[in-house]
Amino acid sequence: FVCRFFGAGPGWLLVLLSGIAGNVLNALVYYPVVHYSIGASTAVFGALGLLTGVGIWAAVIDPYQRLSLPRWFIPVFGGLTLLGLFGVGDGNVDVAAHISGFACGTAFGVLGACVQRWFCFLQRWSIACGALSLGLLALAWYTTVVA
């Protein structure tokens, strides 16, 4: 669904960047303690945050206020509900990483929806954005294996 709004290459790049930003924020939360986290769940919840951010932007710019509560509450409630259902659990779950990915994805989603016209331009560079995403993944894998 993220790629339907932003395009295939830019959408995957935004998902990856929201995961990266979420992991950086998670590292800041645990600083100065060394914290190891593995998996793609931060990016998955970043994607959920991206969709929530787009929903917030769509609700805020809508000129018709037919509901009694603020329209932005609906996508926020939906996103937080899914975060609560799937982002918290027993065992070895990094809840802070899930929340950080969701928060960064929401911020990127709102900002990306504000400048959606730029993503129309990026459609010409969709393959390059997808290649950049794969390159960043390969770089992360290489630094993990070598380090």
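Thresholds, definitions, all that
Residues numbered from 1 in each chain as written. Predicted model: local features only at pLDDT ≥ 70, side-chain atom pairs only at ≥ 80, totals over all residues. Heavy atoms only, no water. Helix = DSSP H or I, 4+ residues; strand = E, 2+ residues; numbered from the N terminus. Buried < 20%, exposed > 50% of the residue type's maximum accessible area, 1.4 Å probe, protein only. Polar contact = N/O pair within 3.5 Å; in protein donor to acceptor, adjacent residues only side chain to side chain. Contact = heavy atoms within 4.5 Å. Expected span 1.5 Å × (residues − 1). Lys, Arg positive; Asp, Glu negative; His and termini not counted. Salt bridge = Lys/Arg side-chain N within 4 Å of Asp/Glu carboxyl O. pLDDT = per-residue confidence, 0-100. Arc of directions from axis to C-beta. Core = buried A, V, L, I, M, F, W, Y, C linked by side-chain atoms within 4.5 Å. Axes fitted to C-alpha atoms, helices over the stretch in contact; angles between N-to-C directions. Parallel < 35°, antiparallel > 145°, perpendicular 65-115°, else oblique. Left-handed = near helix turned anticlockwise from the far one by under 90°.

Asker: I'd like a rundown of the environment of I38, residues and numbers included.
Answerer: Checked against the element boundaries, I38 lands in the loop between α2 (8-30) and α3 (41-61). A relative accessible area of 83% means that I38 is categorised as exposed. Each C-alpha atom, one on I38 and one on N23, is 9.8 Å from the other, the two residues being 15 residues apart in sequence.

Asker: Requested: an account of the side chain of N26, with residues and values cited.
Answerer: Within the secondary structure layout, N26 lies in helix α2. Within the local environment of N26, its side chain forms a polar contact with the side chain of D94, the two groups lying 3.1 Å apart. Look past the residues within four positions of N26 in its chain and what remains in contact with it is H35, D94, A96, A97 and S100.

Asker: Pulling in residues and values, what's your account of α2?
Answerer: The end-to-end C-alpha separation of α2 is 33 Å, in line with the 33 Å expected for 23 residues at 1.5 Å each. Inspection of α2 places G9, P10, G11, L13, L14, V15, L16, S18, G19, A21, G22 and N26 among the buried residues, and these make up the whole buried set. Check the buried side of α2 and you find it contacts α1 (2-6), α3, α5 (95-114), α6 (116-122) and α7 (126-146).

Asker: So what's going on with unusual backbone geometry? Which residues, and what values?
Answerer: Between Y31 and P32 the backbone carries a cis peptide bond, its omega angle lying at 10°. Tracing the chain through its elements places P32 in the loop between α2 and α3.

Asker: Mind laying out the side chain of D94, listing which residues take part and the relevant values?
Answerer: Relative to the helices and strands, D94 is located in the loop between α4 (73-86) and α5. Lacking a salt bridge, the buried D94 has R4 as its closest oppositely charged neighbour, with an N-O distance of 30 Å. Look past the residues within four positions of D94 in its chain and what remains in contact with it is N26, Y30, H35 and S37.

Asker: I'd like a rundown of the confidence of the model for the protein, residues and numbers included.
Answerer: Of all residues in the protein, 94% have pLDDT values of 70 or greater, and the mean over the chain is 83. Mean pLDDT across the secondary structure elements of the protein bottoms out at α6, with 74, and peaks at α5, with 90.

Asker: Mind laying out α7, listing which residues take part and the relevant values?
Answerer: The end-to-end C-alpha separation of α7 is 30 Å, in line with the 30 Å expected for 21 residues at 1.5 Å each. All of the buried residues along α7 are S126, C129 and S133. Along the long axis of α7, the arc covered by the buried residues comes to 75°, so they all point the same way. The exposed residues of α7 that point more than 90 degrees off its buried face are I127, L134, Y142, V145 and V146. Those residues of α7 that are buried lie in contact with α2 and α6.

Asker: Give me the nonpolar core: which residues, what numbers.
Answerer: Counting residues in hydrophobic clusters, the biggest one holds ten residues: V2, F6, L14, V15, A43, A47, L50, V54, A113 and F119. Broken down by element, this core gets its largest block of residues, four residues, from α3. Look past the residues within four positions of F119 in its chain and what remains in contact with it is F6, P10, L14 and G112.

Asker: I'd like a rundown of the packing of α3 against α5, residues and numbers included.
Answerer: For the pair α3 and α5, interaxial distance at closest approach is 6 Å and the crossing angle is 40°. The angle between α3 and α5 falls in the class oblique. The chirality of how α3 crosses α5 is right-handed. Across the interface between the two elements, S41, T42, F45, G46, L48, G49, L50, T52, G53, V54, I56 and W57 of α3 pack against A97, H98, G101, F102, G105, T106, F108, G109, V110, A113 and C114 of α5.

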